[in-house]
Amino acid sequence: MIRLQNIEKSYRHGLSQTFVLRRVNAEIKQGDFVSIMGPSGAGKSTLLHILGMHDSAWTGEYWLHDDPIHQLSAKDRMRLQKQHIGFVFQSYHLLDNLTVYENIDLPLSYRDVKKAEREGMVADILDRFNIVGKKDLFPNQLSGGQQQLVAIARAVVAKPSLILADEPTGNLHSDQGKEIMELFRRLNDAGTTIVQVTHSKENASYGKRVINLKDGWIVDEN
Amino acid sequence: MNASAQPLIRLDGIKKVFYTDEVETHALAGIHLEIQQGEYVAIAGPSGCGKSTLLAILGLLDTATEGTYLLNGNQVAKLSLSERARVRNREIGFIFQSFNLIGDLTVFENVELPLIYRGMKAAERRERANAALERVGMAHRAKHLPSQLSGGQQQRVAVARAVAGQPSILLADEPTGNLDSKNGEAVMELLRELHRGGATICMVTHDPRYAAHADRGVHLFDGRVVEENVGTAV
Amino acid sequence: MLVQDIRYALRSLLRAPGFTVVALITLALGIGGTTAIFSIVDGVLLRPLPYSDPGRILRINRIGANGGLDSFSAADYRDLKKAATSFAAIAGYRSDIVDMTGRGEPVRINGMQTTAAFFDVFDAAPLLGRTYHEATDKPGANLAVINETVWKQQFGSNPAVIGTQVRLNGTPTEIIGVVPEFLRHPQKSDVWMLSPYDIPTSPFGMGDIDGSRDVHYFNVVARIARGRPLIEGQQQLKSIGDQIARDHQGNAGSTFGGEPLASSMVANVRTAMFVLLGAVGFVLLIACANVAGLLIARGAARRRELAVRTALGAGRGRLMRQLLTESVVLALVGGAPGMLVATWTQQLLISLAPENLPRLADVTLDWRIAFFAVVATIVVGILFGITPALQSSRPELNADLKDGGRTGTARTGLRNVMVVAQVALALVLLIGAGLMLTSFSRLRSVDPGFRVTEVVTVELMLPLARFNDEQQRNFYMSVLDRLQANPVTANSAMLFPFPFGGANAQASLDVIGQPDRPPEQQVSAELNSISPGYLKASGIRLLRGRDFDANDGPKSPAAALISESAIKEFGGKDPIGQQLDMGDPITIVGIVSDARRRSLDAEPRPALYLPYTQFVLPYMGVVVRSDRGAAAVASAVKTAVAQIDPDLPIGDVKTMEQIIEESTGEPRFRSFLIASFAVLALLLAAVGVYGVISFTVTQRVPEIGVRLALGASPRQVFTQVIGQGLKLAATGVVLGLVAAAAATTLVRGLLFNTSATDPVVYGSLAALLLAMAALACYVPARRAMRVDPMTALRSE
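I will try to describe carefully the structure that is included in this document.

Rules used throughout
Residues numbered from 1 in each chain as written. Chains lettered and ligands numbered in written order. Predicted model: local features only at pLDDT ≥ 70, side-chain atom pairs only at ≥ 80, totals over all residues. Heavy atoms only, no water. Helix = DSSP H or I, 4+ residues; strand = E, 2+ residues; numbered from the N terminus. Rg over C-alpha atoms; globule rule 2.2 N^0.38 Å. Buried < 20%, exposed > 50% of the residue type's maximum accessible area, 1.4 Å probe, protein only. Contact = heavy atoms within 4.5 Å. Areas by Shrake-Rupley, 256 points an atom, 1.4 Å probe, with all protein chains shown as cover. Lys, Arg positive; Asp, Glu negative; His and termini not counted. Charge placed at Lys NZ, Arg CZ, Asp CG, Glu CD. Buried area = accessible area lost by both parts, 1.4 Å probe. Salt bridge = Lys/Arg side-chain N within 4 Å of Asp/Glu carboxyl O. Nonpolar A, V, L, I, M, F, W, Y, C, P; charged D, E, K, R; others polar. Pairing = 2+ DSSP bridges. Phe/Tyr/Trp six-rings, centres within 6.5 Å; stacked < 30°, edge-to-face > 60°. Lys NZ or Arg CZ within 6 Å of the ring centre and 35° of its normal. Polar contact = N/O pair within 3.5 Å; in protein donor to acceptor, adjacent residues only side chain to side chain. Core = buried A, V, L, I, M, F, W, Y, C linked by side-chain atoms within 4.5 Å. Axes fitted to C-alpha atoms, helices over the stretch in contact; angles between N-to-C directions. Parallel < 35°, antiparallel > 145°, perpendicular 65-115°, else oblique. Left-handed = near helix turned anticlockwise from the far one by under 90°.

1. With respect to the overall build of chain B
Of the regular secondary structure elements, chain B holds seven helices and ten strands. Relative to its length of 234 residues, chain B is compact, with a C-alpha radius of gyration of 17 Å against a globular reference of 17 Å. Seen along its three principal axes, the alpha-carbon backbone of chain B occupies a region of about 50 × 45 × 40 Å. A buried classification covers 55% of the 234 residues belonging to chain B. Summarising the internal contacts of chain B: among those between residues at least 6 apart in sequence, 69% fall at separations of at least 24. Accessible surface computed for chain B: about 9900 Å², of which carbon and sulfur atoms make up 49%. In chain B, the 25 positive side-chain charges and the 27 negative ones have mean positions that sit 7 Å from each other.

This is the structure:
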């Protein structure tokens, strides 16, 4: 599904050049559940944002399915991102001005899905995540765990084949974290490919394999 | 270490509760902790365990919902807003994960800042700031802006800023969190060196390797101390 | 989809009430104020007159040897009319009061006696009947045209009015037409009467005036022939005038000139109007800068939101559409109260405007300009509203998500520029206003040279048709006798002209026995006709010689008083006993103190006082020194007049205080307007400073957290924020001072006794602005003091 070849990213600080990612090669198969681990500053989040096409300042080759992302225009990347990817952030990033329902509806509205169809899809997700009762609340009326639940609902509503999650439990209590990880496992069982960045070995244990990064290098893969 | 001496810091039953509309979250659920003069303590634990909250309370940046905090034998809770500012300025040196240098100020001005807040004379400030920069090996970059430095260099400047005022205790919040391992190692070495020079340090980290640098490790989980052990280093 | 965008836009405005309120106030004041004042400027200055080809209508002036404008004499007018070929029509006219009788109650209205071509020049279609024209109507036909208002009020809008006979000043006249209300140029008139001659009749009687070149008493308007350029007509006027000056000694040095009527009507207020227009422009600029600043701040604060939306798949076009919708919704929501403010402001301005502001009646709320102001703010809104969308380039996305939009020093910079500009512009306006107000207060404190308090004036004009010279004199003398016998009006006198009334008479000061002066060095003196007792009633002091008394009758030797400032014209000799050449020799019998006659800001000129029995005009009035009030005086005068001529109404009754008040109406109005703009600008600038500082504080919460963690006391943080605001304001103030020094040279001509670079005005207003800025920083500074230092630690 994903093939990375020689991905590199660096920043310049005055005269010195700092590499954030160095010669990263990796392959992720359909239905995989990968945890990217490593100490802070190892380049985990950067790699995730490159996968999510939020970042375009890198070199190397990135194949998603059979599309060469590294050769595509911003517009085409945008199209593929919409088609394939859902994103979950550590700090949820729900829009404060929108209700739970509207937050979940947002990605669909950007995908030109017909209104009736959208209503069905959102209602379906609200059911599956058991948050129907909260659909008219605003994010600041929810606990952190509930906000992350909504954020994941938002990430999956457009039925992406790949979910990218950046420390999804980082701001949560341990039992709330467990719930979220269980949810990921169920999504994965249902066929969604998941890549998460995490510090926690426990979280990583929900996944099928781990990519360890250190100082921008992949140090081992299992 | 003289155990009968008054500890620099003493926490008794510290609790911190956050309230949102529907839930109350116990970030800290009754912490007991003593830190002696000259000690190097590491607070470790997974994300969300409350370690940053604890550090904020130690640094007088936040107040506990419950419990007592004695700094040098004084009840912190009784201090007024401006007294707290004064204590922070004189007794505490902060080192943050994201460096938190002020972008508009030069390296030298950043280091000088806490001394200005103290009302120190310009000549003495210059002397102390330069000495601090010398200590972290950044004196040659005094006139540069933070954006011209790498992360490791910025953190060294932040350390210089923390020690310039000769505080009683250094509080470090994941000081290596935003650094690669080489630079992280260098900053840890710098802290160890300061410790050997007599500084009291309390560091938050979730990296067990760095925690091992300290005299003592305190492990938090869901707002409680679950384990204390004496490190091997020193 | 659009409906949803609009719904989100409204909601996001509701959820940011601070931003919304400030933006709406700014928009309402900016759009409303600009629209209202521009409508006035447009009505007075810019809008063409409501006639066909209004640019072809000229006022023709006789330009004297000393460059001053003068009225026409009969002979000059006839020569002009004969020689001018570039004109389709030339008409003379003279304003008069008209007593309309023959239909019950006598009515006094304002009228105009014109030559036959008047309606060829002002070619308005009549509502009813017809107007008179040179081609069809000959002098002496006794025709009149009335205006819409008179038709409604006096004739009950009866269409049968056409063909009716009325008596106008005693002459039986046929009403042939009714013209619409808009025909009120060159000045408002109720009735237009065809002159019995080829020139308007003279108030001095037609006997020796017909054919004279020396008696100037009427005005001339003309319409340039189709296809002839303006400049050709103007050149022809000049060459005709020059030729007459060569042919006739009395015209030496004079010539003719033509000026488009619209601009000649407003010549006196043109500078003031353009200054006001400039002020409006400034306010609109400030408002735009303010909105721009607000949107920049909002854009910066929303970077995280935009980044999230992008991460969820919103394309740049989608984001732009959303921001655009918000900007337009904001501008429209702000535009509605703006229109309300415009309507109110305009009503307020018109009610405050002095009546003598020319063309005031042409002012209507101009929807084009309202539209312009709304569009201007929308464009500004869009420009700055969509910037964040344009800037949401992809490599930054990660950073935006991480730091929640805390970065963006560049945009703080742009916003700072907006604030500095606002402060500078506001200071220019403030200084302009300060100078105007200083000037105005100095004007009001000028001593006019005569008594202002407890003096009542009553106009007593006589219709020429009923009163010849002898009758006029007898009338005024008997009225005065009766008044002086009444204890209420014991201290009273006759006078022509009233000070500051616009009427005046002049004569050149030729001392018999002194060599003739060349035309350009001739000194003219203000002519006054007074009765004995005038000096006492008006508080003018007799310095030497004697006052007039009952012995200065029509048959006694001609006598005159001169004012102090005329003494220097006598070449060092004692003026008393000297004689002046005024056709007949006049002997100077006394010297009196100077008084201002034309306006408060004009220095007293040499003045000549003649006894009212010897220099009689049908335009005299009574000046009464009395502490009984205007009403008591008016009724005493009315009684006295009625006893002599029951058909004669009395004219305007005014206290001298009112006269002074009215004479300063225009500068007062102008100062008031500029001051209002300045206050508006000050408020907007304060809002701007508040906005940027408040925004900076929000943006710098983490930095402030760091500072607090390092031990900055709340007080130090407070001072820092105030200092930051003051630094911006001070930059704006310095720029504003420089700009004001450059810009106020434009208003120098409007200032009385006030330097355009008055350091007191500059200094105090700069201080005021800084104080406002400090005040505007106070709230955000308090907020900065209370920042929770914990935020410094919450790096993620």
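We are not done yet, so read on.
2. Thoughts on the interface of chain A and chain C
Taken together, the 29 residues of chain A in the interface contact 26 residues of chain C. Of the roughly 2600 Å² buried where chain A meets chain C, counting both sides, 51% is carbon and sulfur surface. In terms of surface lost to chain C, no three residues of chain A exceed A:His54, A:His93 and A:Tyr110, which account for 24% of the buried area on that side. If you look at where chain A meets chain C, you find two salt bridges. Among the ionic pairs, A:Glu102 bridges to C:Arg11, the shortest N-O distance being 2.6 Å. It is helix α3 (residues 100–109) of chain A that contributes the most residues to the side of chain A that touches chain C, five residues altogether. In terms of residue class, the side of chain A that touches chain C is made up of ten nonpolar, eleven polar and eight charged.

3. Comments concerning the sheet that holds strand β2 (residues 24–35) of chain B
Residue and element names in this part refer to chain B. Taken together, the four strands give an open sheet; going across it, the order is β2-β1-β4-β5, and neighbouring strands pair in antiparallel fashion. Two strands in the sheet have a free side with no partner beyond their single neighbour: β2 and β5 (74–75). Here strand β1 (residues 9–19) pairs with strand β4 (residues 66–71) via five bridges, running antiparallel. In the strand pairing of β4, Lys 15 is matched with Glu 66.

4. Thoughts on the packing of aromatic side chains
What the rule picks out here adds up to 18 aromatic pairs over all chains. Seen in terms of ring centroids, C:Tyr77 and C:Phe218 are 5.3 Å apart; in terms of plane orientation they differ by 80°. Their pairing is edge-to-face. Remark: C:Phe218 occurs in the loop between β9 (191–194) and β10 (219–224) and C:Tyr77 occurs in helix α3 (residues 74–83); sequence separation between them is 141 residues. Each member of the aromatic cluster is reached from another via a ring pair, and the members are C:Tyr51, C:Tyr93, C:Phe118, C:Phe119, C:Phe122, C:Tyr132, C:Phe182 and C:Trp192. Sitting over the face of the ring of A:Phe19, A:Arg22 holds its NZ or CZ atom 3.7 Å from the ring centroid. Stacked on the ring of B:Tyr210, the Lys or Arg B:Arg209 has its end atom at 5.5 Å from the ring centre.

5. Some details on the interface of chain C and chain B
Think of interface size as the accessible area that goes away when the parts come together; that is how it is often given. Taken together, the 18 residues of chain C in the interface contact 22 residues of chain B. When chain C packs against chain B, the two sides together hide about 1900 Å² of surface, and 63% of this comes from carbon and sulfur. Inspection of the chain C/chain B interface yields zero salt bridges. Taken together, the connections running from chain C to chain B amount to three residue pairs in polar contact (both at pLDDT 80 or more). When contributions to the side of chain C that touches chain B are tallied by element, the ones reaching two or more residues are α20 (701–709) and α21 (714–743) of chain C. Here the element with the most residues in the side of chain C that touches chain B is α20(C); it accounts for five residues. The residue inventory of the side of chain C that touches chain B, partitioned by class, reads ten nonpolar, four polar and four charged.

6. Comments concerning the pattern of salt bridges
Any two side chains of opposite charge can pair, on the condition that their charged atoms come close. All names here are of chain C. According to the stated counting rule, one finds 49 salt bridges over all chains in the structure shown. Between Asp 53 and Arg 56 there is a salt bridge, and its shortest N-O distance comes to 3.1 Å. Look at Asp 53 and you get partly exposed, because its relative accessible area is 33%. One salt-bridge network, in which partners are shared between bridges, spans Arg 62, Asp 76, Asp 79 and Arg 213.

7. Concerning the nonpolar core
Residues B:Ile9, B:Leu11, B:Leu58, B:Tyr69, C:Phe118 and C:Trp192 are the most contacted members of the largest nonpolar core, which totals 138 residues. The element contributing the most residues to this core is helix α19 (residues 665–699) of chain C, with 16 residues. The next biggest cluster of nonpolar side chains, apart from the first, holds 40 residues, and it includes C:Val458, C:Ala525, C:Leu527 and C:Ile588.

8. Looking at the packing of α19(C) against α21(C)
Residue and element names in this part refer to chain C. At a closest axis distance of 10 Å, the pairing of α19 and α21 adopts a crossing angle of 140°. Here α19 lies oblique to α21, going by the angle between them. Two packed elements cross with a definite hand, and for α19 against α21 that hand is right-handed. Listed contacts from α21 to Val 692, Ile 693, Thr 696 and Val 697 of α19 are Val 721, Gln 724, Gly 725 and Leu 728. Classifying every residue of the contact of α19 with α21 gives five nonpolar, three polar and no charged.

9. Let's talk about the side chain of A:Asn203
Within the fold, A:Asn203 resides in helix α7 (residues 201–204). Not counting residues within four places of it along the chain, the set of residues in contact with A:Asn203 comprises A:Thr169, A:Met181, A:Gln196 and A:Thr198.

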